[in-house]
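As a plain string of letters, each chain reads:
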Amino acid sequence: MSLTAGIVGLPNVGKSTLFNAITKQNILAANYPFATIEPNVGVVSVPDERLDYLNEMYQPKSLVSTTFEFTDIAGLVEGAASGEGLGNKFLSHIRQVDAICEVVRCFTDSNVTHVTGSVDPIRDIEIINVELMLADLEVIDSRIGKIAKKVTQSRDKDGLKELELMRKLKDKLEQNIPVRQIELSEEELLILKPFNLLTLKPIIYVTNINEEEIASEDNEYVKMVKEYAEKEGSKVIRVCAKIEAELSELADEDRVLFLEDLGIDESGLDKLIKASYSLLGLETFFTTGVDEVRAWTYHKGMKAPACAGIIHTDFERGFIKAEVMSYDDLKSCGSEKAVKEAGKLRLEGKDYVMQDGDICLFRFNVTK
C-alpha cells in the first residue's frame with residue numbers, strides 16, 4: 001500500500017539528520033529492513049509490540065512487519081510559492097505525499113545557523129504554512145478563473161457546486177485558515193481530490209530538541225508548538241535528531257541500553273513512525289503460522305474481502321469467510337486453542353469491517 005509521509009522544514013532544522021536516521025534504522029531483527037528506494041525516499045518498518053509477541057508464540061521461519069514510506073523534501077525558504085529557493089520543486093514534491101511531518105527547530109546552538117537568524121518555532125511554522133496556503137490559493141484562483149464564466153452561463157449543477165466550494169476555500173485561505181481546518185462534506189472532499197491541495201494534508205509537528213532535554217518536558221519552544229498545534233487539532237512529536245542518528249547505528253540490544261541510559265523507553269523516531277502511520281488512516285491486521293507471521297497494512301474502515309485482496313487478488317475474488325480472532329483475545333487466552341475453547345474465534349462474512357489487531361485466516365474459492 002503505497003502511502004508517503006513527507007518530511008519538510010526550513011534549512012538547518014535537523015530534517016536531513018532525521019531522515020538519514022530513518023533510512024538507516026532497523027527496528028526488528030527479522031522484519032522488513034529500512035531501504036532507500038530513491039535518493040529521497042525511505043521505506044520504514046512500523047514498530048509493533050504485538051508482532052514481537054506473535055513472533056515469540058509461533059516461532060515462524062519469517063517475520064514481516066508493516067511498512068510505509070517517508071520522503072525527504074528539499075528545505076523550504078520564505079517566498080517558495082513565488083519561486084524562491086527550490087520553490088516550485090519543493091511544492092511539487094510535497095503535493096505527492098499523503099501527510100506532512102514538519103520538522104521545527106526547538107534548540108539553540110551557536111554552531112548551527114538559523115536561516116532567519118534566530119530560533120522561533122512559531123514563526124518558522126507560519127513561514128511554511130503561509131507558503132503552502134499561497135500555493136493552494138494559486139491553484140484555486142486558477143480553477144475559479146477557468147470555470148466561473150462557463151458554469152455561470154451553463155448553470156451546470158456540478159460546476160456550480162465546485163465554483164461555490166472554490167470560492168469558500170479562497171475566502172478561508174485569505175484569512176490564513178488551512179483547508180484541513182475547514183469543515184468539508186464527503187462530496188466536497190471528492191471534488192477536491194484531483195487538486196491535491198497542500199493544506200488539506202494532515203500534519204504532525206516534529207520538534208527537534210537538544211540532547212540534554214531528551215528526558216525533560218521543560219522545553220519552552222516545544223510548549224509553544226504544542227499550544228499552536230492544539231488549536232488546529234494536530235499532533236506534536238518530540239525528537240532529538242542527533243540522538244536518533246546515533247541510535248540508528250546501534251544493534252537492537254545496544255539501542256535498548258542507550259534508551260535506558262537516557263531515561264526513556266521509546267525513541268522519538270519510533271513515536272514519529274507510529275504517529276505518521278495513524279495520521280495516514282492506517283491500521284494493521286495479522287496472519288500467523290509456523291512458516292510466517294506477518295503484519296498487513298489496510299485503510300481504516302476496509303471490509304474483510306478488500307483486506308483479503310491485499311494479500312492476493314484471488315483471496316478477494318473468491319472470498320467466502322474469514323476466521324478472525326483479536327490479538328487481545330489471543331494474548332489473554334494464551335493460545336489459539338484456548339481462544340477457540342473460549343468461543344472467541346469468529347467466522348466473519350463479506351460485510352465485516354476489519355479491526356486493528358485482527359488475526360485472520362481467509363477462506364476462499366476461485367474457479368477457473
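Before reading on, note that the structure itself is shown above.
(A) Region of the structure containing the nonpolar core. Among the nonpolar cores identified, the biggest contains 56 residues, and Leu18, Phe68, Phe70, Ile94, Tyr205, Val206 and Leu272 are the most heavily contacted of them. Per-element accounting of this core gives the leading share, six residues, to helix 4 (residues 121–154). Counting residues in hydrophobic clusters, the runner-up holds 18 residues, among them Met133, Leu165, Leu169 and Leu197.

(B) Molecular detail of unusual backbone geometry. With phi around 60°, arginine 155 is a residue other than glycine that occupies positive phi space. Locating arginine 155 in the fold gives a position in the loop between helix 4 and helix 5 (157–173). Relative accessible area serves as the criterion here: at 54%, arginine 155 is assigned to the exposed category. Of note, the phi angle at asparagine 196 is positive, near 50°, even though the residue is not glycine. Mapped onto the elements, asparagine 196 comes out in the loop between helix 6 (186–192) and strand 7 (203–208). Given the relative accessible area of 29%, asparagine 196 is considered partly exposed.

(C) Representation of helix 10 (residues 268–279) within the structure. The end-to-end C-alpha separation of helix 10 is 16 Å, in line with the 16 Å expected for 12 residues at 1.5 Å each. Burial in helix 10 covers these residues: Gly268, Leu269, Asp270, Leu272, Ile273, Ala275, Ser276 and Tyr277. Looking one or two residues past helix 10, glycine 281 carries a phi angle of roughly 75°, positive in sign.

(D) Quick peek at helix 4. Between its terminal C-alpha atoms helix 4 stretches 48 Å, which fits the 50 Å expected from 34 residues at 1.5 Å a residue. Where helix 4 bends most, the angle comes to about 40°, and this point is isoleucine 147. Following helix 4 by one or two positions, arginine 155 adopts a phi angle in the positive range, close to 60°.

(E) Main features of the side chain of serine 234. Along the chain, serine 234 falls in the loop between helix 7 (220–232) and strand 8 (235–239). Of note is the side chain of serine 234, whose polar atom sits 2.8 Å from the side chain of glutamate 232. Each residue touching serine 234, except ones within four places of it in the same chain, is listed here: Ile203, Tyr205 and Ala229.

(F) Representation of the pattern of salt bridges within the structure. Within this structure, the stated rule accounts for 25 salt bridges. In this structure, the salt-bridge partner of glutamate 220 is lysine 223, at a minimum N-O distance of 3.3 Å. With glutamate 220 and lysine 223 both in helix 7 and three residues apart, the pair spans about one turn of that helix. Between aspartate 314 and arginine 317 there is a salt bridge; the shortest N-O distance is 2.9 Å.

Criteria and cut-off values
Residues numbered from 1 in each chain as written. Predicted model: local features only at pLDDT ≥ 70, side-chain atom pairs only at ≥ 80, totals over all residues. Heavy atoms only, no water. Core = buried A, V, L, I, M, F, W, Y, C linked by side-chain atoms within 4.5 Å. Buried < 20%, exposed > 50% of the residue type's maximum accessible area, 1.4 Å probe, protein only. Helix = DSSP H or I, 4+ residues; strand = E, 2+ residues; numbered from the N terminus. Expected span 1.5 Å × (residues − 1). Bend = angle between axes of the 7 residues up to and from the residue. Polar contact = N/O pair within 3.5 Å; in protein donor to acceptor, adjacent residues only side chain to side chain. Contact = heavy atoms within 4.5 Å. Salt bridge = Lys/Arg side-chain N within 4 Å of Asp/Glu carboxyl O.

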